[in-house]
Every structure is written in structure tokens, then in C-alpha cells.
Amino acid sequence: MEKKNVLPEQGKSKLELKRYMEPGENYKSEGEDVIFLGYPQTTPHPIAIETYINYIKYNENQVGLFSNSTAKLNMTRDCEKRLIEMLGNLYGDATVDGYVTSGGTEGNIMGVWIGKYYLSASSSDEICVIKTYLSHHSIEKACSLTGIKNIVDVAYNDSYEMDLADLRNTISRFVDSGFKRFIIIATVGYTMTGTSDPVADIDQIIEEWSTNSDVKFYLHVDAAIGGFVYPFCKKEDFAFQYKNVMSLTVDPHKMAYIPYSSGIFLCRKGLTDYIAVPIKYAKTILDRTLISSRNGAMGVVCWVTFNHIGYQGFVEQLSKLIQMKEYLVEKLRKEKLAIIISDPATNMICLHYDFLSDGLLPETIEKKYILDAFKLRYKEKEIVCYKIYIMPHLTKESIRFLIDDLLKLKQIC
Ligand SMILES: *Cc1c(COP(=O)(O)O)cnc(C)c1O
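Rules used throughout
Residues numbered from 1 in each chain as written. Predicted model: local features only at pLDDT ≥ 70, side-chain atom pairs only at ≥ 80, totals over all residues. Heavy atoms only, no water. Helix = DSSP H or I, 4+ residues; strand = E, 2+ residues; numbered from the N terminus. Rg over C-alpha atoms; globule rule 2.2 N^0.38 Å. Buried < 20%, exposed > 50% of the residue type's maximum accessible area, 1.4 Å probe, protein only. Areas by Shrake-Rupley, 256 points an atom, 1.4 Å probe, with all protein chains shown as cover. Axes fitted to C-alpha atoms, helices over the stretch in contact; angles between N-to-C directions. Parallel < 35°, antiparallel > 145°, perpendicular 65-115°, else oblique. Left-handed = near helix turned anticlockwise from the far one by under 90°. Contact = heavy atoms within 4.5 Å. Nonpolar A, V, L, I, M, F, W, Y, C, P; charged D, E, K, R; others polar. Expected span 1.5 Å × (residues − 1). Pairing = 2+ DSSP bridges. Salt bridge = Lys/Arg side-chain N within 4 Å of Asp/Glu carboxyl O. Core = buried A, V, L, I, M, F, W, Y, C linked by side-chain atoms within 4.5 Å. Right-handed = clockwise from strand over helix to strand, strands pointing away. Near = heavy atom within 4 Å. Polar contact = N/O pair within 3.5 Å; in protein donor to acceptor, adjacent residues only side chain to side chain.

**Here's the deal with the overall build of the protein chain**
Okay, step 1: For the protein chain, the count of helices and strands is 12 helices and 13 strands.
Okay, step 2: Its C-alpha atoms give the protein chain a radius of gyration of 23 Å, near enough to 22 Å, the size a compact globule of 413 residues would have.
Okay, step 3: If one aligns the C-alpha atoms of the protein chain with their principal axes, the spans along those axes are about 60 × 60 × 55 Å.
Okay, step 4: When the 413 residues of the protein chain are sorted by exposure, 50% land in the buried category.
Okay, step 5: As displayed, the protein chain has an accessible area near 20,600 Å², and 52% of this comes from carbon and sulfur atoms.

**Looking at the packing of helix α4 (residues 104-118) against helix α5 (residues 138-146)**
Okay, step 1: In contact at an axis separation of 9 Å, α4 and α5 are set at 45° when each is read in the N-to-C sense. The orientation of α4 relative to α5 falls into the category oblique. Remark: the crossing between α4 and α5 carries right-handed chirality. For the pair formed by α4 and α5, the contact residues are Thr 105, Asn 108, Ile 109, Val 112, Trp 113 and Lys 116 on the first element and Ser 138, Ile 139, Lys 141, Ala 142, Leu 145 and Thr 146 on the second.
Okay, step 2: Its residues assigned to classes, the contact of α4 with α5 comprises 6 nonpolar, 4 polar and 2 charged.

**A few points about helix α7 (residues 199-212)**
Okay, step 1: Look at α7: 20 Å from first C-alpha to last across 14 residues, which is about the 20 Å you get at 1.5 Å a residue.
Okay, step 2: What α7 keeps buried is the set Val 199, Ile 202, Asp 203, Ile 205, Ile 206 and Glu 207.

**Quick notes on the sheet that holds strand β3 (residues 150-154)**
Okay, step 1: Read from one edge to the other, the open sheet built from 7 strands follows the order β1-β7-β6-β5-β4-β2-β3, with strand pairing classed as mixed. Pairing within the sheet leaves two strands with one partner each, and these edge strands are β1 (97-101) and β3. Recorded for the sheet is a direction-independent mean angle of 20° between the axes of neighbouring strands.
Okay, step 2: When strand β2 (residues 127-132) meets β3, the two strands line up parallel, connected through 5 bridges. The residue bridging Thr 132 from the neighbouring strand is Val 154, located in β3.
Okay, step 3: Strand contacts of α4: β1, β2, β4 (181-187), β5 (216-222), β6 (245-250) and β7 (263-267), with the helix running at about 175° to β5, the strand carrying the most contacts.

**Focus on the pattern of salt bridges**
Okay, step 1: Summed over all chains, the structure comprises 21 salt bridges.
Okay, step 2: Where Lys 368 meets Asp 405, a salt bridge forms, and the shortest distance between an N and an O atom there is 2.8 Å. Remark: Asp 405 occurs in helix α12 (residues 396-412) and Lys 368 occurs in helix α11 (residues 363-369); sequence separation between them is 37 residues.
Okay, step 3: Given a relative accessible area of 24%, Lys 368 falls into the partly exposed group.

**A look at the nonpolar core**
Okay, step 1: Formed by 90 residues in total, the largest nonpolar core has its most connected members in Tyr 91, Ile 184, Phe 228, Phe 238, Leu 248, Tyr 353 and Ile 388.
Okay, step 2: For this core, the element with the most residues is helix α10 (residues 297-334), which contributes 16 residues.
Okay, step 3: Setting aside chain neighbours within four positions, we find Ile 184 in contact with Ile 130, Met 162, Leu 167, Ile 171, Ile 202, Ile 206, Phe 217, Tyr 218, Leu 219 and His 220.

**Quick notes on the pairing of β4**
The side chains of a regular strand alternate, first on one face of the sheet and then on the other.
Okay, step 1: Counting buried positions along β4 gives 6 out of 7 residues, so the element sits mostly inside the fold.
Okay, step 2: When β2 meets β4, the two strands line up parallel, connected through 4 bridges. Counterpart to Ile 130 in the pairing with β4 is Ile 184.
Okay, step 3: Where β4 and β5 come together, 7 bridges link them in parallel fashion. Within β5, the residue paired with Ile 183 across the bridge is Tyr 218.
Okay, step 4: In this fold, β4 hands off to α7, which returns the chain to β5; that crossover is right-handed.

**Brief notes about the site of the ligand**
Okay, step 1: Near the ligand, the surroundings consist of 14 residues, among which Thr 105, Asp 222, Asp 251, His 253 and Lys 254 are the closest.
Okay, step 2: Here an oxygen atom of the ligand sits 2.8 Å away from a polar atom, N or O, in the side chain of Thr 191.
Okay, step 3: Considered on its own, the ligand offers 380 Å² of accessible surface; in the complex 86% of this is hidden by protein.
Okay, step 4: Contributions of two or more residues to the shell around the ligand are made by α4 and α9 (252-255).
Okay, step 5: The element best represented in the shell around the ligand is α4, accounting for 3 residues.
Okay, step 6: Here the shell around the ligand is composed, by residue class, of 2 nonpolar, 9 polar and 3 charged.

**Quick look at the sheet that holds strand β10 (residues 339-341)**
One key point about sheets: their strands pair by backbone hydrogen bonds, in either a parallel or an antiparallel sense.
Okay, step 1: Spatially, the 4 strands line up as an open sheet ordered β10-β11-β13-β12, and their pairing is antiparallel. Each of the sheet's edge strands pairs with one partner strand only, and the pair in question is β10 and β12 (373-378). Between one strand and the next, the sheet's axes are offset by a mean angle of 40°, whatever the strand orientation.
Okay, step 2: Together, β10, β11 (348-352) and β13 (381-389) form the strand contacts of α10, whose direction differs from that of β11 by roughly 15°.

Shown next as C-alpha cells:
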């Protein structure tokens, strides 16, 4: 039998490979009628694409951390350093360290990894990670990698935020059983609901414990989604304005119109000391990042794009998206199609189609709109939900398509 997909003995010509080189038809593999609703993904900003193309040919490898560098830096490193300061300013501490990661997962791993050593436990078993059921699964990856087995889900309340009474009880319970070291993960923009944990209150609870006991905390904020939403639509702070927030992750490849893969990890100045490793073959520096070789272009792409959009640009774009969401909400309410879970200030929405007996959409609809079902607790019940992200590629027409499809479905139910 002829083997498929082997490395050819002799290289093929460009002509033979042309159909792979140009996305064209291949890119439409899901069929032409797909309307992308279910994930925070959209076409990158044109200036991001242009900058990326300009830099990719230099293939810059950005190994290490540059936010703390005092040396003269080349363009990609200098831009990354400026970018970290820019986001530090946006999130309440211009002196933070940080770097451009591969995404939110890497930033969450960095947070838990630094947290573990910051809390100076003699074993991972002394550490307890506190989060909610709604937290992103990358936290579990981070715990698995750092050998942390004590992971507790604090309850979430009816607004899909971490329940503060349960957080207090959980800490007390664990302190009573001998724990003194906690990593708390606060999420700003939960992937499934778009809602956020009350960082100010969590900070306050930590403050009370820290002043009255020898219990230690490390608070990491997962703002993978909310980091480029909340600063432009809500006035509340959620980051380094609060003393106990030690690190934060945010994803430019989600809500900031940057190509994959790009996340940004930020932490208080100097905290990367806890995880720094000498590079044997480069005498000058310690590696203070999780992955080693990184794409140097990404920092410039973010720097250029954010400067180009500007604060007001983000505000305007987001308010357009929110208006679009309000249009969707209005239609859903009018036609009584769904129970709506959503933070009104954001472009995210989580829906339960209560006219369907089990809440599940037919596969054709799921595929057409790239929607995936999951379960959430709602008033003592488990319900099937779907999340929708209102991104810049959507139009009122695409929303009307969805409503029409739902109405047709309702008629036959
Ligand atoms: C997407 C997401 C992550 C993981 O980010 P990647 O960029 O996919 O690695 C982490 N946390 C939250 C809340 C997310 O939505």
C-alpha cells in the first residue's frame, strides 16, 4: 500500500504546493454560510497584519525578559519593554515586569509557578489554589505542572462571580486544617459568561488575613478576555491598583485584534526572580520566562497596533460591539428565545434557549454559528448554555440570521 503524508524524497516545486500556500478555497472548509459567533476570534487589525509581515522576515528570537533591562535594546525588544510599561499604566502599576507570551495559558502558568515559589512552601502540598468552577482549565494545567494538588472551587453567585462569603469560609476552613499558603485566581471576563470576580473585595479579604495572621496569599488575575474589555467600558479597577494583585494575564489575540499567538504576562517588579534560570550558553542573562525562544515580532505588533487604536479607539470599537449585543438581546427578549446571562457592560453573552426541551441546539445550527454547548448552574438547576462573542466581523444581518434560525426552530418545537 502506498504511504500517505511522507516527507517526499525530492522536494516539490512551488507550483505543486500552490494550493496549500494560498488559503483561498481551503479556508472555507466549514462551508460558506458559517457565521463565527462562539469564540473571541476575528480578523486581526490591518496595521497588525502589516507590521507582522514586515518583521517576520527578520525572524527575531526574543529569548528572555526585557522589561527590567537597562541595556540598549533593538527595535523588537525596545517595543516589548515599552508595551509592558504601557499596559502597566493601563492596569495601575507602570513599574511591572512582563513579556509577550503565547497566550493566556502561558500567563496563567507563569502566575501559578511564581506564586508557588513566592509563597516559599517546602512542598506543593502546603499550597492551596482557590478558584471557581468557571475558571479557565489552564489553571488546572498550571497546577498539574507545578504539582499542586489542593485545588478548591469556591461557589459562584447568581451574578456568576466568585461568592465572597464562600471564599471567606473556604479560607477559614483550610486555615483551620493547617494551610497557610494560598494562590487565589480571580478572573476578569470568564470565558463562559463574560462576568468577573470582585477583585477589590478579594484584595480586601486578603488584606484582613495578612494583617491578622501569618497566612500568605498570592493573587493572580486572569484577564485573558476582560483585560482588553473592562478598561474601555467599566470604570472599576481590577488589577495592580490593588496591593495584593501580584500578576495578571491578558490576551491580545482575543479582544485586541492581534494575530495568534499573543498573550501578555505582567507581574510586580522583580517577581520573576522566583523562577529565573541561568542560560548556560548565554553568559549575560537569566531566563525569566516560561517558554524560551519567542517570536520577537509580536511585541512590536502589539505596540504599533495599540498606539494606532488608542484609548478612545478601543472605547469606540467596544461601544459599537455592545450596541450590537444590545440589538441581539432586544431580539431575543422580544421573541422570548432565551435566558440571558451577561454583564451589560461587555460584548459577551451567555444564552440558554429555554424553548428547547433540553436546551441543546441542532448540530446544523451549532456548526453554522460555531457554537459549543456547556452546562451552568442557574437557580439551583443545571442548564445547557451557549456563549456568544460579539466581534467586529459581525453585522446586524448576521444577528438576524441567527434569530431567524432560532424562530424557525421554535416553530417546530
Ligand atoms: C482563553 C482563555 C485563557 C487561555 O488563553 P489561551 O490564549 O487560549 O492560552 C485563559 N483564561 C481565560 C479566562 C480565557 O478566556
